[in-house]
Amino acid sequence: MIKVNCAALPPTLIESELFGREKGAFTGALSKQIGRFELADASTIFLDEIDTLPMELQAKLLRVLESGEFERLGGPRTVKVDVRIISATNRDLFGVVSRGSFREDLYYRLNIFQITVPPLRERREDIMPLVWSFVQEFSIRMGKRIESIPQKEVDALQAYAWPGNIRELKNIIERAMILAGGPVLHVDMPKRAETKAAASFSTIKEVEKQHIDEALKITGGRISGKNGAAELLGLNPKTLASRMQKLGIKRNMKNA
């Protein structure tokens with residue numbers, strides 16, 4: 001698998017990185033370069049942070065998805081590849097489409113099989129297995145042996161809202177491992193961040209409820225079907241119905 005973090009590539013170089021370039025394609029291009037799509041031929045390419053891809057390159061990506069063809073930067077010859085594409089984003093891509101920053105046709109072309117991973121705060125049963133996975137990883141790297149974590153700190157880890165999700169959890173465990181001087185791992189949860197996260201978590205619920213209410217008003221209380229609230233919000237109708245039940249939202253059946 002060829003991995004590409006679209007957000008980490010400079011806008012001026014991303015086209016040549018993905019599709020390659022010919023010698024002399026631009027100033028400084030002293031040699032021919034094979035792009036990531038050619039390297040992934042007969043294999044898989046993973047495009048992380050797909051929402052950051054510039055609009056002008058989205059059309060070229062759409063063409064690759066539809067025909068498997070593209071041209072290297074500065075080259076006249078068409079290159080054909082057979083590549084499986086996996087993309088990921090931490091943003092609501094349908095919302096990005098609605099704001100005009102992502103092509104709608106590319107969104108629907110990519111959205112063949114979608115896997116939605118809930119934020120860490122919604123799957124707290126995963127927190128401690130992840131903690132011990134990171135502890136094991138850093139133990140090998142740092143040459144330290146950790147046998148236990150105090151229950152009070154386990155409770156704090158599970159109660160925290162984790163606005164930064166798994167990356168934030170990994171950073172906190174790494175910091176704790178650096179400071180560890182014995183077999184017991186003491187995890188220092190930042191008090192200021194903890195308070196702020198708890199406040200933002202309750203606010204997220206309120207905002208989500210308001211957002212769903214507004215969508216139901218626009219659609220006259222209709223959840224599923226064309227132009228229903230689920231389509232407007234970019235959700236599966238069953239997922240939306242579940243969220244409504246959890247948030248205590250009732251649709252106006254008179255308008256449904």
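Residues numbered from 1 in each chain as written. Predicted model: local features only at pLDDT ≥ 70, side-chain atom pairs only at ≥ 80, totals over all residues. Heavy atoms only, no water.

Asker: Now, about the sheet that holds strand β5 (residues 83–87): what can you tell me, with residues and values included?
Answerer: The three strands are arranged β1-β2-β5 in an open sheet whose pairing can be described as parallel. Two strands in the sheet have a free side with no partner beyond their single neighbour: β1 (2–5) and β5. Within this sheet the neighbouring strands show an average axis-to-axis angle of 20°, counted without direction. With five bridges joining them, strand β2 (residues 43–48) and β5 adopt parallel strand pairing. When the sheet's bridge partners are listed, Phe 46 is paired in β5 with Ile 86. (Pairing = 2+ DSSP bridges. Helix = DSSP H or I, 4+ residues; strand = E, 2+ residues; numbered from the N terminus. Axes fitted to C-alpha atoms, helices over the stretch in contact; angles between N-to-C directions.)

Asker: Tell me about the pattern of salt bridges, residues and numbers included.
Answerer: A side chain with one charge can pair with a side chain of the opposite charge if their charged atoms come near. Throughout the structure, instances matching the rule amount to 14 salt bridges. Through salt bridges with shared partners, a single network forms among Arg 63, Glu 69, Glu 71 and Lys 80. (Salt bridge = Lys/Arg side-chain N within 4 Å of Asp/Glu carboxyl O.)

Asker: Can you break down a nonpolar patch on the surface residue by residue, with the values?
Answerer: A grouping of Ile 112, Phe 113, Ile 115 and Val 117 is seen on the molecular surface, where their side chains present a nonpolar patch of about 530 Å² in accessible area. Note on placement: Ile 112 falls in the loop between α5 (104–110) and α6 (127–142). Judged by relative accessible area, which is 67%, Ile 112 ranks as exposed. (Patch = residues over 30% accessible without salt bridge, like charges linked within 9 Å, V, L, I, M, F, W, Y side chains within 5 Å. Areas by Shrake-Rupley, 256 points an atom, 1.4 Å probe, with all protein chains shown as cover. Buried < 20%, exposed > 50% of the residue type's maximum accessible area, 1.4 Å probe, protein only.)

Asker: I'd like a rundown of the packing of α6 against helix α8 (residues 165–179), residues and numbers included.
Answerer: Running from N to C, α6 and α8 cross one another at 45°; their axes reach a closest spacing of 9 Å. Judged by the inter-axis angle, α6 sits oblique to α8. Helix-helix and strand crossings are classified by hand; for α6 and α8 the assignment is right-handed. Judged by residue contacts, Ile 127, Leu 130, Val 131, Phe 134, Val 135, Glu 137, Phe 138, Ser 139, Arg 141 and Met 142 of α6 engage Ile 166, Leu 169, Lys 170, Ile 173, Glu 174, Met 177 and Ile 178 from α8. (Parallel < 35°, antiparallel > 145°, perpendicular 65-115°, else oblique. Left-handed = near helix turned anticlockwise from the far one by under 90°. Contact = heavy atoms within 4.5 Å.)

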